[in-house]
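# Report on the structure
Letter by letter, the chains look like this.
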Amino acid sequence: MSVLGKIGVKALAEEFHLDVSTISRQTSALEEKGYVMRTPDPDDGRASYFELTDLGREKLRDAQAYRMSRFKRIFEEWNDEDLQKFGHYMVRVNRTFID
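Every chain is numbered on its own, with residues counted from 1 as its sequence reads. The model is predicted, so local features are restricted to residues of pLDDT at least 70 and side-chain atom pairs to those at 80 or more, both for listing and for counting; the totals for chains, interfaces and linings are taken over all residues. Side-chain metrics in this entry use all non-hydrogen atoms of the structure; hydrogen atoms and water are not considered.

## Observations regarding the sheet that holds strand β2 (residues 36-41)
When DSSP finds at least two bridges between two strands, those strands are taken to pair. Strands here mean DSSP runs of E at least two residues long; helices mean DSSP runs of H or I at least four residues long; both are numbered from the N terminus. Taken in spatial order, the three strands make up an open sheet running β1-β3-β2, and their pairing is antiparallel. One side of each edge strand has no neighbouring strand; the edge strands of this open sheet are β1 (7-8) and β2.

Structure follows, in structure tokens:
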């Protein structure tokens, strides 16, 4: 998924494995906060595309930086073997969600 381009509700629902109604509520909340901008689909007046605003990109970068700093603190005392095992298990968990 591209975080910088336009994307429709259906594609977001598929990407996050959620139903369209959930994505619609979430995109509306993000739009109210000014994090995304809605653009009508020129081919289907009932559909819309969403795109991050500058504020949305800033908030996304801040959230990613915060998450990475938390991970660094959590794992800073783990040894390489434990990190590799954890990584392996996370791959298994993620594959379960995809399937």
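From this point, the discussion proceeds with the structure in view.
## Remarks on the pattern of salt bridges
The salt bridge criterion pairs a side-chain nitrogen of Lys or Arg with a carboxyl oxygen of Asp or Glu, the two atoms within 4 Å. Under the defined criterion, the tally for this structure stands at four salt bridges. Glu31 serves as the salt-bridge partner of Arg38, at 2.9 Å between the closest nitrogen and oxygen. Ionic pairing is found between Glu81 and Lys85, a salt bridge with its closest N-O pair at 3.3 Å. Linking Glu81 with Lys85, this pair stays in helix α4 (residues 80-98), spanning four residues, or about one helical turn. Think of it in three bands: residues with accessible area under 20% of the maximum for their type are buried, residues over 50% are exposed, and the middle band is partly exposed, with areas taken using a 1.4 Å probe on protein chains only. A relative accessible area of 41% places Lys85 in the partly exposed class.

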